[in-house]
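Single-letter residue listing:
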Amino acid sequence: MTPAGTASSGIRADLLSDTVTRPGVAMREAMATALVGDDVFGEDPTIRELEERVAALLGHEAGLFTPSGSMANQLGVRLHVRPGEELVGDSLAHVLRAELGAAAILSGISSRTWVSERGRFRAEDAASLMITGVGPYQVCTALVIVENTHNFGGGTVQSIEEIRRARELTRERGVAMHLDGARLWNAHVATGVPLADYGREFDTVSVCLSKGLGAPVGSVLVGSADAMAEARVWRKRFGGGMRQAGILAAAGLWALEHHIDRLALDHGRARRAAEAMAEAVPGCVEPATVETNIVIVDVAAAGWAAPEFVAAALQRGVRSYAVDPRAVRLVWHLDVDDEATDHAIDVLCTLLSEHGPSLPPS
Ligand SMILES: Cc1ncc(COP(=O)(O)O)c(C=O)c1O
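A quick note: this is a predicted structure, and the numbers were derived from the prediction, not measured. (Residues numbered from 1 in each chain as written. Predicted model: local features only at pLDDT ≥ 70, side-chain atom pairs only at ≥ 80, totals over all residues. Heavy atoms only, no water.)

1. Looking at the layout of surface pockets
Taken as a whole, the second largest pocket holds about 440 Å³ of empty space. Every residue lining the second largest pocket is counted, 21 residues in all, and those nearest its centre are Arg118, Ile296, Val297, Asp298 and Ala327. A total of 5 residues in the lining of the second largest pocket trace back to one element, the largest contributor, which is strand β9 (residues 294-298). Partitioning the lining of the second largest pocket into residue classes produces 11 nonpolar, 4 polar and 6 charged. (1 Å grid on protein atoms, 1.4 Å probe; cavity = no way out; pocket = protein on both sides within 12 Å on 5 of 7 lines; lining within 4 Å. Points joined across faces, edges and corners; volume = space filled by probe spheres on them. Helix = DSSP H or I, 4+ residues; strand = E, 2+ residues; numbered from the N terminus. Nonpolar A, V, L, I, M, F, W, Y, C, P; charged D, E, K, R; others polar.)

Below, the structure is given as C-alpha cells:
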C-alpha cells in the first residue's frame, strides 16, 4: 500500500534503509495541529516537550532537537574533544565512516579506529587505543564512540556489561563516552534493557526519530543541562538553529508513543528472511547474527557481485544496498509488512539460488 501523500514507485519491498519510511495519516495530523514557536528563542513548546521526554527516557537532564543524526553526533563530539585531540571508535562506525570527515572539518579533531567483528563493541579494544596524559608529545584521546545498534555491522546490539566495563576504564582516565544511538530503540526492544540503563553510561547520547521510528526528520542529543546549553550554541554555529520546527518534533513525539514496541515486528521479519536465505544458499547469511532489523547478505557466497545483485533485485521490485563489493544490506521497517517480506524472500532466494556473475575470492 502507498502511504498517504506519497508517490507509488513500483517497488514492492523497499529494504534500502529504515530512513525511507513516509509519515502516515495520524502522524501527519499530529504535525498539522502541533503548537509551535520560534525555537531559536526557546519558544517552541512541542520541541521543549520532545527534548524533555527523550532526556527523561535516556536518564539525562536535558535534550536538544537537531535536524539530523549526523548533527547530533557532531555536537556530541564537539562538546568532548578540543581541536587537536582525538576520538576513538571502530572502523565501521557511522561517525567515522559516513559523516564525511565532519569531526576533522568542523572541529579540528583527529581519530583512530579499531577493527571489530560486525561492529561488536569490546571495552578492551577502546582501552588499547586510548592515550592520555602524554602532554605535548602525542595526541590525547578525549572521547570513545560507541554505536548501538551498529548499522554497518548489521544491526548488532552492544552488550550493556561491555559498555559498563568501558565506562569504568574511561572514567579512570578522564575520557568521555558518546553513544551514537540512532537505533538505540531497536537495541532496547531486542534486549529489554531499559533505554535509561544504556543512556546513563554515556556523557552524551544521540538518538534518531527518522530511522525505525518513522518520523520524517529529526534527532535528539541528550546530556547534562550545562552540556546541552553549550550544544545549543554550537548547533546555531553549525547552522542547525530552527524556527517553528515543532511541526517536526510533533512527528517525533507521535513516533515515541506508537512506534517503539512495534520494532519487534521488523526484527522478526528480518530474521524470517535471513532463515529463508540461509536455507536457499547455506553460508550467505548466518541467521543467528540477525539481532534486529538489518541483514547483511554475503551475495558473493552465491557467486554474485553486490552491485549486480542489487540491480537484479530492483528489477523484481526489491530495493537493497551494496555495502561493499561482496555484501548487500537489507533493512526492515514500518513500511515493509508481511506481504512485502514474502515478496522479498521470494525474489532474494530465487536470485541467490541462480548463479550470478562470479566474483573473484577476496
Ligand atoms: C548509526 C547511525 N548514526 C547516525 C546516522 C546519521 O543520521 P542522519 O542521516 O539523520 O544524519 C545514521 C544514518 O543512517 C546511522 O545509521
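What follows picks up the thread again.
2. Re the site of the ligand
All residues in the neighbourhood of the ligand are listed as Ser68, Gly69, Ser70, Asn73, His94, Glu99, Glu147, Asn151, Asp180, Ala182, Arg183 and Lys211. Contact distances for the ligand include 2.6 Å between an oxygen atom and a side-chain N or O atom of Ser70. In this structure, a nitrogen atom belonging to the ligand sits 2.7 Å away from a side-chain N or O atom of Asp180. Taking 390 Å² as the accessible area of the ligand by itself, protein coverage stands at 83%. Top element by residues in the shell around the ligand is helix α3 (residues 69-80). It accounts for 3 residues. Each residue belonging to the shell around the ligand can be placed in one class, and the counts come to 1 nonpolar, 6 polar and 5 charged. (Near = heavy atom within 4 Å. Polar contact = N/O pair within 3.5 Å; in protein donor to acceptor, adjacent residues only side chain to side chain. Areas by Shrake-Rupley, 256 points an atom, 1.4 Å probe, with all protein chains shown as cover.)

3. Structural notes on the sheet that holds strand β6 (residues 176-181)
Ordered in space as β2-β8-β7-β6-β5-β3-β4, the 7 strands form an open sheet in which the pairing is mixed. Where the open sheet ends on each side, the last strands, each with one partner, are β2 (62-66) and β4 (110-114). Strand-to-strand, the axes of this sheet are offset by a mean angle of 20 degrees, without reference to chain direction. Sheet strands touched by helix α10 (residues 225-237): β2, β7 (204-208) and β8 (219-223). Its angle to β2, the strand with the most contacts, is close to 20 degrees. (Pairing = 2+ DSSP bridges. Axes fitted to C-alpha atoms, helices over the stretch in contact; angles between N-to-C directions. Contact = heavy atoms within 4.5 Å.)

4. What about the packing of α3 against α10?
α10 packs onto α3 with a crossing angle of 115 degrees between their chain directions and a minimal axis gap of 10 Å. Handedness of the crossing formed by α3 with α10: right-handed. Taken together, the residues of α10 that come into contact with α3 (itself represented by Met71, Leu75, Arg78 and Leu79) are Ala227, Met228, Glu230, Ala231, Trp234 and Arg235. When its residues are assigned to classes, the contact of α3 with α10 shows 7 nonpolar, no polar and 3 charged. (Left-handed = near helix turned anticlockwise from the far one by under 90°.)

5. Let's talk about the sheet that holds β9
Pairing in this open sheet of 3 strands is antiparallel, and the strands run β9-β12-β11 from one edge to the other. The two strands at the open ends of the sheet, each matched to only one other strand, are β9 and β11 (321-322). Sheet topology note: the β9/strand β12 (residues 327-331) ladder contains 5 bridges and is antiparallel. Each bridged residue has a counterpart across the sheet, and for Asp298 the counterpart in β12 is Ala327.

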